[in-house]
Amino acid sequence: MADNKTRKLTPKEQRRLEKISKIISHKEAEGYKRTDLTISIVKANVVATVACVVLIALSSVLYSIIYGDYIANYSWKLILFLFISFAIHEFIHGFFWGIFASEHAKSIEFGFIVKMFTPYCTCLEPLGKWQYLIGCVMPGVILGLFPYITAFIIGNTSMLFYGVVMLVGAAGDTMIMYKLLRFKSEAKDVIFMDHPTECGLIVLEKINE
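Our subject in this report is the structure included herewith. Treat the numbers as computed from the prediction; the structure is a model and nothing was measured. (Residues numbered from 1 in each chain as written. Predicted model: local features only at pLDDT ≥ 70, side-chain atom pairs only at ≥ 80, totals over all residues. Heavy atoms only, no water.)

1. Concerning the packing of aromatic side chains
Part 1 of the argument: Enumeration according to the criterion identifies seven aromatic pairs in this entry.
Part 2 of the argument: Seen from their ring centres, Phe-95 and Phe-96 are 5.2 Å apart, and the 85° between their planes marks the pair as edge-to-face.
Part 3 of the argument: Looking at Phe-95, the relative accessible area reads 45%, which means it is partly exposed.
Part 4 of the argument: The rings of Tyr-63, Tyr-67, Tyr-148 and Phe-152 are connected pair by pair, giving a single aromatic cluster. (Phe/Tyr/Trp six-rings, centres within 6.5 Å; stacked < 30°, edge-to-face > 60°. Buried < 20%, exposed > 50% of the residue type's maximum accessible area, 1.4 Å probe, protein only.)

Okay, structure coming up:
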């Protein structure tokens with residue numbers, strides 16, 4: 001999600017921010033230390049653009065080596081399905097986070113940031129590290145990696161293009177996962193919360209035993 005300092009929050013987002021802030025305040029009072037692992041939407045878009053150019057170039061060359069040529073065949077149906085898939089991407093986040101959340105679907109919220117033309121999904125409950133990571137990685141795996149690999153196996157350029165776009169669409173998720181995997185903590189009690197208004201998450205470590 002976009003930085004709440006650069007845009008006006010909707011009433012729904014404001015309520016979510018207040019709810020999460022209360023949870024964090026209680027945890028901090030219990031001796032937890034907060035660390036934000038967030039990324040800039042602008043930076044994520046730059047990374048995605050570069051990744052798109054590089055991945056398309058490398059994929060085209062590899063496909064041509066395997067099949068002798070690369071003939072693009074893109075239809076309006078494919079383009080339409082790509083737009084729908086970005087909404088499906090967010091649903092997959094919610095589906096897997098909802099599995100791990102104690103209140104399941106009740107703890108999942110979806111929305112759309114008009115200014116950034118970006119759909120989003122967020123979880124209102126604390127999760128374990130690997131629970132958060134699984135929910136974060138699955139859209140890129142299901143919508144991007146699987147079609148991408150399948151395209152090379154069956155020789156389908158439309159599927160290859162789809163896989164590339166969906167992999168690039170998961171660039172922000174990949175950046176967040178990279179930050180989370182690099183995050184090290186010696187605390188025995190660590191919880192992870194999806195950030196209510198920004199792209200990323202909040203880590204809470206119990207520092208007072």
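Let us keep going from here.
2. Examining the state of the cysteines
Part 1 of the argument: If you walk through the whole model with that rule in mind, you get zero disulfides.
Part 2 of the argument: As a non-bridged cysteine, Cys-121 has Cys-123 as the owner of its nearest cysteine sulfur, 7.6 Å distant.
Part 3 of the argument: On the basis of relative accessibility, which here comes to 7%, the residue Cys-121 falls in the buried class.
Part 4 of the argument: Residue class for Cys-123 comes out buried when judged on its relative accessible area of 1%. (Disulfide = S-S within 2.5 Å.)

3. Considering the nonpolar core
Part 1 of the argument: Residues Trp-97, Tyr-132, Ile-176, Leu-180 and Leu-201 are the most contacted members of the largest nonpolar core, which totals 22 residues.
Part 2 of the argument: Of all the elements in the fold, those that place two or more residues in this core are β1 (32–39), α2 (41–67), β3 (118–123), α4 (129–154), α6 (171–182) and β5 (199–206).
Part 3 of the argument: Considering every element that reaches this core, the biggest residue donor is α6, with four residues.
Part 4 of the argument: Residue contacts for Trp-97: discarding those within four places in its chain leaves Ile-108, Cys-121, Cys-123, Leu-127, Gln-131, Tyr-132, Gly-135, Cys-136 and Asp-194. (Core = buried A, V, L, I, M, F, W, Y, C linked by side-chain atoms within 4.5 Å. Helix = DSSP H or I, 4+ residues; strand = E, 2+ residues; numbered from the N terminus. Contact = heavy atoms within 4.5 Å.)

4. Topic: the pattern of salt bridges
Part 1 of the argument: Applying the stated rule across the entire model yields four salt bridges.
Part 2 of the argument: Taking the shortest distance from any N to any O, the salt bridge between Arg-34 and Asp-36 comes out at 2.7 Å.
Part 3 of the argument: A residue is classified by how much of its surface remains accessible, and Arg-34, at 36% relative accessible area, is partly exposed.
Part 4 of the argument: For Asp-36, a relative accessible area of 34% puts it in the partly exposed group. (Salt bridge = Lys/Arg side-chain N within 4 Å of Asp/Glu carboxyl O.)

5. Structural notes on the sheet that holds β1
Part 1 of the argument: With antiparallel pairing, three strands are arranged side by side in an open sheet as β1-β5-β4. The open sheet is flanked by β1 and β4 (190–194), the only strands paired with a single partner. Neighbour to neighbour, the strand axes of the sheet diverge by 20° on average, direction disregarded.
Part 2 of the argument: Across five bridges, β4 lies against β5 in antiparallel orientation. Along β5, the bridge assignment pairs Val-190 with Glu-205.
Part 3 of the argument: Along the sheet, α6 makes contact with β1, β4 and β5, crossing β1 at roughly 145°. (Pairing = 2+ DSSP bridges. Axes fitted to C-alpha atoms, helices over the stretch in contact; angles between N-to-C directions.)

6. Remarks on the packing of α4 against helix α5 (residues 157–169)
Part 1 of the argument: Two numbers describe how α4 lies on α5: the axes approach to 7 Å, and their chain directions differ by 150°. It follows from the interaxial angle that α4 and α5 lie roughly antiparallel. Where α4 crosses over α5, the handedness of that crossing is left-handed. Counting all contacts with α4, which are made through Gly-140, Leu-143, Gly-144, Leu-145, Pro-147, Tyr-148, Thr-150, Ala-151, Phe-152 and Ile-154, the residues of α5 involved are Met-159, Leu-160, Tyr-162, Gly-163, Val-164, Met-166 and Leu-167.
Part 2 of the argument: Residues of the contact of α4 with α5, tallied by class, amount to 13 nonpolar, four polar and no charged. (Parallel < 35°, antiparallel > 145°, perpendicular 65-115°, else oblique. Left-handed = near helix turned anticlockwise from the far one by under 90°. Nonpolar A, V, L, I, M, F, W, Y, C, P; charged D, E, K, R; others polar.)

7. Section: unusual backbone geometry
Part 1 of the argument: Its identity is not glycine, yet His-104 carries a phi of approximately 50°, on the positive side.
Part 2 of the argument: Relative to the helices and strands, His-104 resides in the loop between α3 (76–100) and β2 (108–113).

8. Some thoughts on the environment of Phe-112
Part 1 of the argument: Position of Phe-112 relative to the elements: it lies in strand β2.
Part 2 of the argument: A C-alpha to C-alpha distance of 18 Å links Phe-112 and Met-166, two positions 54 residues apart in sequence.

9. Some thoughts on α3
Part 1 of the argument: The terminal C-alpha atoms of α3 lie 37 Å apart, and with 25 residues this matches the ideal 36 Å at 1.5 Å per residue to within 8%.
Part 2 of the argument: Within the sequence span of α3, burial applies to Leu-78, Leu-82, Ser-85, His-89, Glu-90, Ile-92, His-93, Gly-94, Phe-96, Trp-97 and Gly-98. (Expected span 1.5 Å × (residues − 1).)

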